[in-house]
Amino acid sequence: IRNIGVLTSGGDAPGMNAAIRAVVRAAIYYDLKVTGILRGYEGLIHGDFFDMDRKSVANIIQRGGTILKTARSDAFRTKEGRDAAYKQLKEHDIDALIVIGGDGTFTGAHLLTTEYNFPVVGLPGTIDNDLEGTDFTIGYDTAINTVINAVDKIRDTAESHDRLFIVEVMGRDSGLIALRSGIGVGAEAIMIPEANMGVEGLVTRLASGRKDKSSKIIIVAEGDEVGGAFNVGEVLKEKFPQYDIRVSVLGHIQRGGKPSCMDRVLASSLGVAAVEGLIAGQSGVMVGQVNREIIFTPFDHAIKHIDAKEITPAWLKLVEILSL
Ligand code: F6P
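For the protein chain, an unreviewed UniProt entry supplies the name ATP-dependent 6-phosphofructokinase and the organism Pedobacter gandavensis. The Sequence similarities (unreviewed entry) field of the UniProt record for the protein chain holds the comment "Belongs to the phosphofructokinase type A (PFKA) family. ATP-dependent PFK group I subfamily. Prokaryotic clade 'B1' sub-subfamily." Looking at the Subunit (unreviewed entry) heading of the UniProt record, one finds this comment for the protein chain: "Homotetramer."

Asker: Quick question: what am I supposed to make of the UniProt feature "active site" (unreviewed entry) in the protein chain here?
Answerer: As recorded in UniProt, the sites labelled "active site" (unreviewed entry) are Asp128. Structurally, the position occupied by Asp128 is in the loop between strand E5 (120-124) and helix H5 (140-161). Ignoring any residue separated from it by four or fewer positions in sequence, one finds Asp128 in contact with Thr137, Tyr140, Gly171, Arg172, Ser174, Leu176 and Ile177.

Asker: Can you walk me through the nonpolar core in this structure?
Answerer: Across soluble globular proteins, nonpolar side chains have a tendency to be buried as a group. Counting residues in hydrophobic clusters, the biggest one holds 59 residues, and the most contacted among them are Ile98, Leu123 and Ile219. In this structure Ile98 touches Ile4, Gly5, Val6, Leu7, Val23, Val121, Leu123, Ala274, Val275 and Leu278, once residues within four positions along its chain are discounted.

Asker: Explain the pairing of strand E10 (residues 285-290) here, please?
Answerer: Within a regular beta strand, the side chains point alternately toward one face of the sheet and then the other, so they alternate between its two faces. Summarising the sheet, E5 and E10 pair through two bridges and their orientation is parallel. Residue Val121 lies in a different strand from E10, and its bridge partner there is Val285. Taken together, the six bridges between E10 and strand E11 (residues 293-298) define a ladder with antiparallel strand orientation. Looking across to E11, one finds that Gly288 is bridged to Ile295.

Asker: For this particular structure, what's the right way to read the site of the ligand?
Answerer: Neighbouring the ligand are Arg72, Ile127, Asp128, Met170, Gly171, Arg172, Glu222, His252 and Arg255. Between the ligand and the protein, one listed contact pairs an oxygen atom with a side-chain N or O atom of Glu222 at 2.5 Å. Between His252 and the ligand, the recorded distance is 2.8 Å, taken from a side-chain N or O atom to an oxygen atom. Isolated, the ligand exposes 400 Å² of accessible area, and the fraction of that covered by the protein chains is 74%. Judged by the fraction of its atoms near the pocket grid, the ligand is located in the largest pocket. Taken together, the residues that form the shell around the ligand break down as two nonpolar, two polar and five charged.

Asker: How should I be thinking about the sheet that holds strand E8 (residues 216-221) in this particular structure?
Answerer: Each strand in a sheet pairs with its neighbour through backbone hydrogen bonds, running either in the same direction (parallel) or in the opposite one (antiparallel). Taken together, the four strands give an open sheet; going across it, the order is E7-E8-E6-E9, and neighbouring strands pair in parallel fashion. Of all the strands in the sheet, just strand E7 (189-191) and strand E9 (244-249) have a single pairing partner and so form its edges. In this sheet, adjacent strand axes meet at a mean angle of 15 degrees when their direction is disregarded. Two strands pair when backbone bridges link them, and strand E6 (residues 163-169) and E8 are joined in this way by six bridges, in the parallel orientation. Residue pairing for E8: Phe165 is matched across the bridge by Ile217. Each of E6, E7 and E8 is contacted by helix H7 (residues 198-208), which is oriented at about 175 degrees to E7, the strand it contacts most.

Asker: Quick question: what am I supposed to make of the packing of aromatic side chains here?
Answerer: Centre-to-centre distance and the angle between the planes together describe a pair of aromatic rings. Per the counting criterion, the structure on display carries seven aromatic pairs. Each member of the aromatic cluster is reached from another via a ring pair, and the members are Tyr86, Tyr116 and Phe118.

Asker: Explain the side chain of Thr297 to me, please; I cannot follow it from the model alone.
Answerer: Take Thr297: it is sitting in strand E11. By relative accessible area, which is 7% here, Thr297 ends up buried.

Asker: How should I be thinking about helix H3 (residues 79-91) in this particular structure?
Answerer: For an α-helix the count is 3.6 residues per turn, leaving residues at separations of three or four pointing the same way. Under the 1.5 Å per step criterion, the end-to-end length of H3 is 18 Å for 13 residues, consistent within 8% with the ideal 18 Å. Buried residues of H3: Gly81, Arg82, Ala85, Gln88 and Leu89, and no others. Buried residues of H3, viewed axially, fall in a sector of 115 degrees; they line one side. The exposed residues of H3 that point more than 90 degrees off its buried face are Glu80, Lys87 and Glu91.

Asker: So what exactly am I meant to see when it comes to a nonpolar patch on the surface here?
Answerer: On the surface, Tyr29, Tyr30 and Ile279 cluster together into a nonpolar patch covering about 330 Å² of accessible area. Inspection of the secondary structure puts Tyr29 in helix H1 (residues 16-29).

Asker: How should I be thinking about the sheet that holds strand E3 (residues 49-52) in this particular structure?
Answerer: Read across the open sheet, the seven strands follow the order E3-E2-E1-E4-E5-E10-E11; overall the sheet is mixed. With one partner strand each, in any of the chains shown, E3 and E11 form the two edges of the open sheet. Within this sheet the neighbouring strands show an average axis-to-axis angle of 30 degrees, counted without direction. Bridge count between strand E1 (residues 3-8) and strand E2 (residues 33-37): four bridges; the pairing is parallel. Pairing of Asn3 across the sheet is with Lys33, part of E2. Sitting on the sheet, H1 is in contact with E1, E2, E3, strand E4 (96-101) and E5, with an inclination near 160 degrees to E4.

Asker: Explain the pattern of salt bridges here, please?
Answerer: Oppositely charged side chains can pair when the atoms bearing their charge come close. Summed over all chains, the structure comprises 13 salt bridges. The residue Glu115 makes a salt bridge to Arg82 at a minimum N-O spacing of 2.7 Å. Of this pair, Glu115 sits in helix H4 (residues 103-116) while Arg82 sits in helix H3; the two residues are 33 residues apart in sequence, bridging distant segments of the chain. With relative accessibility at 31%, the residue Glu115 sits in the partly exposed group. Judged by its relative accessible area of 6%, Arg82 is buried. In this structure, Arg210 and Asp212 form a salt bridge, with 2.8 Å as the shortest nitrogen-oxygen distance.

Criteria and thresholds
- Residues numbered from 1 in each chain as written.
- Predicted model: local features only at pLDDT ≥ 70, side-chain atom pairs only at ≥ 80, totals over all residues.
- Heavy atoms only, no water.
- UniProt positions renumbered as here; feature names shortened; annotations may be inferred.
- Helix = DSSP H or I, 4+ residues; strand = E, 2+ residues; numbered from the N terminus.
- Contact = heavy atoms within 4.5 Å.
- Core = buried A, V, L, I, M, F, W, Y, C linked by side-chain atoms within 4.5 Å.
- Buried < 20%, exposed > 50% of the residue type's maximum accessible area, 1.4 Å probe, protein only.
- Pairing = 2+ DSSP bridges.
- Near = heavy atom within 4 Å.
- Polar contact = N/O pair within 3.5 Å; in protein donor to acceptor, adjacent residues only side chain to side chain.
- Areas by Shrake-Rupley, 256 points an atom, 1.4 Å probe, with all protein chains shown as cover.
- 1 Å grid on protein atoms, 1.4 Å probe; cavity = no way out; pocket = protein on both sides within 12 Å on 5 of 7 lines; lining within 4 Å.
- Sits in = over half its atoms within 2 Å of the grid points.
- Nonpolar A, V, L, I, M, F, W, Y, C, P; charged D, E, K, R; others polar.
- Axes fitted to C-alpha atoms, helices over the stretch in contact; angles between N-to-C directions.
- Phe/Tyr/Trp six-rings, centres within 6.5 Å; stacked < 30°, edge-to-face > 60°.
- Expected span 1.5 Å × (residues − 1).
- Arc of directions from axis to C-beta.
- Patch = residues over 30% accessible without salt bridge, like charges linked within 9 Å, V, L, I, M, F, W, Y side chains within 5 Å.
- Salt bridge = Lys/Arg side-chain N within 4 Å of Asp/Glu carboxyl O.

Structure (structure tokens):
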């Protein structure tokens, strides 16, 4: 391997810049050339490339977003799109790729390795933490800290006004952002797709819960089958006319901001491990960290086996005990 291409794809996540920096610096350390690819698979298809050096990644470890920009590419889902991308890689003498992103990114990377036998290693960059083969994804720690900072502020005003707030958080199909941040803010209830409490379950819990609390915070994962915080709000307004209810959807603030130290360090160590993995012949895999060990997990395993990751009966019991 002489020339590694690097791209970020899908939803951005805080810490992606730290990962890019680590990839570039590790490649230079091992005497490899690095080519930056702009806007993920879109830029790959269109040959939007530039040479990267030590200086192109200076002063970015602390910045949110991604200096390489990102996109969700429809064209790369087609065979023609991938053919065009492969042609660009060949024409620019790029002989391996590091992709930073989540499940959509790895679905594309999997196709690139299987259809063209092209070496690709992935780095888990998503706030959702919904990938198997790593305890945490890059961006998750920052996102849950953003959520708890926001909800702590909501708690202040909820407490002053004796209100019940329903706060919707991101995570796509996963309840991991909701679960951890919900525990972190002392939520009265946490609604996640993995547990499916349902609005009836929430109503029962609220009806049987303490009546003397002046504020209540319900955290709802966007992927929960209740269909969003506003739906929950409508039902609760009807069932509990005595409550003063407000809804808050946190949205994309969860994706921005300076990465936490945990995310910077995770991104740095995984970025170096990705380059070392490619040199050692790894391909078709995501690099992750499990119990502080670096491990490589095939793309198709990383994206399809998240079922019970972290959401165990013990966690759910913890929520029940603490929310009394
Ligand atoms: O995957 C990250 C994520 O922020 C999800 O939590 C969310 O469902 C989705 O991306 C939002 O995507 P977009 O920014 O394209 O609206």
